[in-house]
Amino acid sequence: MSDGDGELEARLVEQEEFEPSDEFVEQANVSDPDIYEEFEENWPQCWERAADMLDWYDDYDTVLDDSDGPFYEWFQGGTLNASYNCVDRHVEEGNGDRTAINWEGEHGETRTYTYEDLQREVNEFAAALRDLGVEEDDVVTLYMPMVPELPIAMLACARIGAPHSVVFAGFSADALATRMNSADSRFLVTCDGYYRRGDALDHMEKANEGLGGVDHGVDATVVVDRLGEDGFGHDLKGNQHDWDELTDEHEGEEVDPVERDAEDMLFLMYTSGTTGEPKGVKHTTAGYLAYTSWTSHSVLDLKPEDTYWCSADIGWITGHSYIVYGPLALGTTTVMYEGTPDFPERDRLWEMVEEYSVDVFYTAPTAIRAFMKWGSQFPDDHDLSSLRLLGTVGEPINPRAWKWYYQHIGDEECPIVDTWWQTETGGMMVTTLPGVGTMKPGSAGPPLPGIDARIVDTEGEEVEPGRAGYLTVNKPWPGMLRTLYDNDDRFVSEYWQEYSNPDADEWVYFPEDGAKIDEDGYITILGRVDDVLNVSGHRLGTMEIESAIVGVEGVAEAAVVGGDHEVKGEAVYAYVILEDGYEESEEMRERITEGVEDAIGPIARPEQVVFTPELPKTRSGKIMRRLLEEIANEEELGDTTTLRNPEIVKDIQTKVGGN
Ligand code: WTA
């Protein structure tokens, strides 16, 4: 099929700006352009607007406590419960029979949970967790695929004040163990398996192996039986419990939601950084929930009667904020899908949009690029007229993909929000408000109201429009991470070092993204400026992958860089030096790939493993990553005169080209 180029109308190719339709603006939750000024003039009190979207037990005393930057606190003195806000209050308001979760398995089986159903399930599982010994502030690890029990478990944890730490099901056993160790987590909820492209996958084997790597006692494991007769016959042993049996024992039980302080931890989410150690990003109850509710309302334009679908996995922050917490806090119907977009056919997502009459759809550019590649006949075969708004997240979207999405999915009627944010920011930061702003394909848009984002040079001075610089955030915001778990020092050094002036108590958050800004204040994100790759919208640290490769017997040294990839955005290129006595071979290549899959997961699998006798190094011995990237991209090489070993470059180039 074509690459999509031929499928874009010439008129759209030229067009640089798009406006939302009057019809959209009229019904939008936020449509008054004065909102930017209102937030600015009334900062930080403006954030009361977000806090007001929640139900509180005790009101907060202060909106923002900035006395100990960058350890900011929001809505201090207030108490609330996230599970009450996402579930009970909707039932109490008479909306218990509204659908909360529409779940679809890969084989087409469906499960529908009304808010009342969700309330019952969350209560029963909360009672079960308590019974297993989970106490307030115990971290519960959830290593689960896209089954309804995952959001139920998250909300059950929130109900009893036990922070959850969700580990993406595609991560390896090692990754699970590392995260449980880091968080001192003594409880695990997992699943026997799930379906991928028609096959049953054994998840329990990985979970058990991961448990074997936990270096402290594990008090209890709960296992969801997803596969039934397709299961792999793992016996539950010792302190392992079956989800259904456990919840049956607690049938009909109710657990009062625990009053949590605004700043109490809601969850931890591990993400990749520059070093090999994943970072445990800590989010708190009030600021996070207020911020995800507010952005779901203002950016995703969600209304309680909407059916909304975010195709991310709950194992990533996008799923936490915009499948679970934001949409449920607003009482919306959220769709969850277990499988892949091309099973059984490449129209699976469009079939589901039609089937559920989805109003708002949120996905990643990598998915859009795949849809483009597959061709427009797949969406064209379906009635997508229920759609009102589209969104993207996770990586830069090129204008061509944006326009394809606009034309073929949105029928030129739906605004698109290109939302820049991070695990650390909790929610969206830079994007147009769909009911207010002009859209410019390729540019995320201005910072949201109340967000002070700037593009600066290495000195911290704002750059001229059009010039590339670094994105910074100059004021705190409610959804921000509060620290890295058990590591305040790393929190400060990772995010607040570059541009802050601690002596003057000026704190500037540095997300490690390059960006530029135009005359209208629209920000275009250029990508990470640290050693973090963005593969299919997933953050992967090059150091983590390198240490996995170096762990393979026979490998002496490795350097990992990102190379451009048509669908994934970036792909992993691994340059590997073998120890004496080891020869480059297909077998060696496979062992390296397996090593990466075992340490991290299949998402980090190298696109190419290039064996080389040496890596290009500067005279001071530093690996020239820039060169390796240029080689991966088959670009013209920049300056090589500072290399200690320039002759190696040609050699590597030949290998990459010839592979
Ligand atoms: C990138 C995902 C361009 C960026 C929510 C950021 C984006 C990293 C966009 C965070 C976007 C996210 N345009 N780049 N709209 N959204 N990014 O923590 O590099 O998994 O720093 O959070 O993804 O990835 P994370």
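Owing to the predicted nature of the structure, the values given are computational and were not obtained by experimental measurement.

## Quick word on the layout of surface pockets
If you add up the space inside the second largest pocket, you get close to 350 Å³. Mapped by element, the contributors of at least two residues to the lining of the second largest pocket are helix H2 (22-27), helix H15 (377-380) and helix H16 (399-409). At 3 residues, the largest contribution of residues to the lining of the second largest pocket is made by H2. When grouped by side-chain class, the residues that make up the lining of the second largest pocket number 6 nonpolar, 7 polar and 5 charged.

## A word on helix H20 (residues 625-632)
All of the buried residues in H20 are Leu-627, Leu-628, Glu-630, Ile-631 and Ala-632. Taken from the residues just after H20, Glu-634 is the one with a positive phi, measuring 50°.

## Some points on the site of the ligand
As a matter of local geometry, the ligand sits amid 17 residues, with Asp-418, Thr-419, Thr-423, Asp-513 and Arg-539 nearest to it. Between a nitrogen atom of the ligand and a side-chain N or O atom of Asp-418, the distance comes to 2.8 Å. Gln-422 places a polar side-chain atom, nitrogen or oxygen, 3.0 Å from an oxygen atom of the ligand. Relative to its unbound accessible area of 530 Å², the ligand is 97% covered by the protein chains. Taken together, the elements giving at least two residues each to the shell around the ligand come down to helix H12 (317-329), strand S20 (416-419) and strand S25 (523-528). Class assignment for the residues of the shell around the ligand results in 6 nonpolar, 6 polar and 5 charged.

## Quick word on the packing of helix H11 (residues 285-298) against H12
Packing of H11 against H12 brings their axes to within 8 Å, and their N-to-C directions diverge by 85°. On the basis of the axis angle, H11 is roughly perpendicular to H12. The segment H11 lies against H12, with Tyr-288, Leu-289, Thr-292, Ser-293, Thr-295 and Ser-296 engaging His-320, Ser-321, Tyr-322, Tyr-325, Gly-326, Pro-327 and Ala-329. Of the residues that constitute the contact of H11 with H12, the class distribution is 6 nonpolar, 7 polar and no charged.

## As for the packing of helix H8 (residues 173-182) against helix H9 (residues 204-212)
Running from N to C, H8 and H9 cross one another at 45°; their axes reach a closest spacing of 8 Å. Classified by the interaxial angle, the pair formed by H8 and H9 is oblique. Seen from above, H8 lies across H9 with right-handed handedness. From H8, Ala-173, Leu-176, Ala-177 and Met-180 reach across to H9, where they touch Lys-206, Ala-207, Glu-209, Gly-210 and Leu-211.

## Details of the environment of Lys-237
Inspection of the secondary structure puts Lys-237 in the loop between strand S11 (220-224) and strand S12 (240-242). Of the residues examined, Lys-237 reaches a relative accessible area of 52% and is grouped as exposed. Through-space distance from the C-alpha of Lys-237 to that of Lys-568 is 40 Å; in sequence the pair is 331 residues apart.

## A look at the UniProt feature "domain: Acetyl-coenzyme A synthetase N-terminal" (unreviewed entry) in the chain
Look at the UniProt record and you will see "domain: Acetyl-coenzyme A synthetase N-terminal" (unreviewed entry) annotated at residues 34-86. Annotation note: span residues 34-86, helix share 30%, strand share 19%, distance between end C-alpha atoms 30 Å.

## A short note on the nonpolar core
In terms of nonpolar packing, the biggest core is built from 121 residues, with Trp-47, Phe-75, Phe-125 and Tyr-325 touching the most fellow members. In this structure, Trp-47 is in contact with Phe-39, Val-63, Trp-74, Phe-75, Tyr-291, Trp-294, Pro-449, Gly-450, Ile-451 and Pro-478, ignoring residues within four places of it in sequence. One finds Val-167, Leu-188, Val-214 and Val-576 within the second-largest nonpolar core, a separate group that totals 35 residues.

## Some remarks on the state of the cysteines
Inspection of the entire model under this criterion finds 0 disulfides. Cys-86 provides the cysteine sulfur closest to Cys-157, a residue in no disulfide bond, and the two sulfurs are 13 Å apart. A relative accessible area of 0% places Cys-157 in the buried class.

## Looking at the sheet that holds strand S23 (residues 483-484)
One open sheet accounts for 8 strands, arranged S12-S11-S8-S6-S7-S14-S15-S23; its pairing is mixed. Either end of the sheet is taken by a strand with one partner, and the two such strands are S12 and S23. Relative to S23, strand S15 (residues 279-284) runs antiparallel, the two sharing 2 bridges. Bridge assignment links Val-281 to a residue of S23, and that residue is Leu-484. The strands touched by H11 are strand S14 (265-271) and S15; relative to S15, the strand with the most contacts, the crossing angle is about 80°.

## Observations regarding empty space enclosed by the protein
A probe as big as a water molecule, rolled over the atoms, marks out the empty space that is left. All chains considered together, the criterion is met by 3 cavities of 30 Å³ or more. The calculated volume of the largest cavity comes to roughly 50 Å³. Around the largest cavity, the lining residues are Leu-80, Asn-81, Ala-82, Cys-157, Ala-158, Gly-161, Ala-162, Pro-163, Arg-260, Met-265, Leu-266 and Thr-285. Elements represented by at least two residues in the lining of the largest cavity include exactly helix H7 (149-160) and S14. Along the lines of polarity and charge, the residues of the lining of the largest cavity split into 8 nonpolar, 3 polar and 1 charged.

## With respect to the UniProt feature "domain: AMP-dependent synthetase/ligase" (unreviewed entry) in the chain
Mapped onto the present numbering, the UniProt feature "domain: AMP-dependent synthetase/ligase" (unreviewed entry) falls at residues 93-477. Between the C-alpha atoms that bound residues 93-477 there is a distance of 30 Å. The span itself is 31% helix and 22% strand.

## Thoughts on unusual backbone geometry
With omega at 0°, the peptide bond leading from Trp-43 into Pro-44 counts as cis. With respect to the secondary-structure elements, Pro-44 resides in the loop between helix H3 (35-41) and helix H4 (48-51). Of note, the bond from Gly-69 into Pro-70 is cis; its omega dihedral lies within 30 degrees of zero at 0°. When you line up the elements, Pro-70 lands in the loop between strand S1 (62-65) and strand S2 (73-76). A positive phi angle is found at Asp-486, which is not glycine, with a value near 60°. Topologically, Asp-486 is positioned in the loop between S23 and helix H17 (488-495).

## So, the sheet that holds strand S22 (residues 468-473)
Pairing within the open sheet is antiparallel, and its 4 strands lie in the order S21-S22-S24-S25. The open sheet terminates on both sides in strands that have one partner only, identified here as strand S21 (453-456) and S25. Taken over all neighbouring pairs, the strand axes of this sheet differ in orientation by 45° on average, direction set aside. With 5 bridges connecting them, strand S24 (residues 513-517) and S25 associate as antiparallel partners. Bridge assignment links Ala-515 to a residue of S25, and that residue is Ile-525.

## Regarding the packing of aromatic side chains
Under the criterion given, the structure shown has 35 aromatic pairs. Summarising the aromatic geometry, the rings of Phe-18 and Trp-402 are spaced 5.0 Å apart at their centres and angled 45° between planes, so their arrangement reads as tilted. Of the two residues, Phe-18 is situated in the loop between helix H1 (10-14) and H2 and Trp-402 in helix H16; the sequence distance between them amounts to 384 residues. Judged by centre distance (5.4 Å) and plane angle (75°), the ring pair of Trp-477 and Tyr-509 falls under edge-to-face. You can see Trp-477 sitting in the loop between S22 and S23 and its partner Tyr-509 sitting in the loop between H17 and S24, a full 32 residues away along the chain.

Procedures and definitions
Residues numbered from 1 in each chain as written. Predicted model: local features only at pLDDT ≥ 70, side-chain atom pairs only at ≥ 80, totals over all residues. Heavy atoms only, no water. 1 Å grid on protein atoms, 1.4 Å probe; cavity = no way out; pocket = protein on both sides within 12 Å on 5 of 7 lines; lining within 4 Å. Points joined across faces, edges and corners; volume = space filled by probe spheres on them. Helix = DSSP H or I, 4+ residues; strand = E, 2+ residues; numbered from the N terminus. Nonpolar A, V, L, I, M, F, W, Y, C, P; charged D, E, K, R; others polar. Buried < 20%, exposed > 50% of the residue type's maximum accessible area, 1.4 Å probe, protein only. Near = heavy atom within 4 Å. Polar contact = N/O pair within 3.5 Å; in protein donor to acceptor, adjacent residues only side chain to side chain. Areas by Shrake-Rupley, 256 points an atom, 1.4 Å probe, with all protein chains shown as cover. Axes fitted to C-alpha atoms, helices over the stretch in contact; angles between N-to-C directions. Parallel < 35°, antiparallel > 145°, perpendicular 65-115°, else oblique. Contact = heavy atoms within 4.5 Å. Left-handed = near helix turned anticlockwise from the far one by under 90°. UniProt positions renumbered as here; feature names shortened; annotations may be inferred. Core = buried A, V, L, I, M, F, W, Y, C linked by side-chain atoms within 4.5 Å. Disulfide = S-S within 2.5 Å. Pairing = 2+ DSSP bridges. Phe/Tyr/Trp six-rings, centres within 6.5 Å; stacked < 30°, edge-to-face > 60°.

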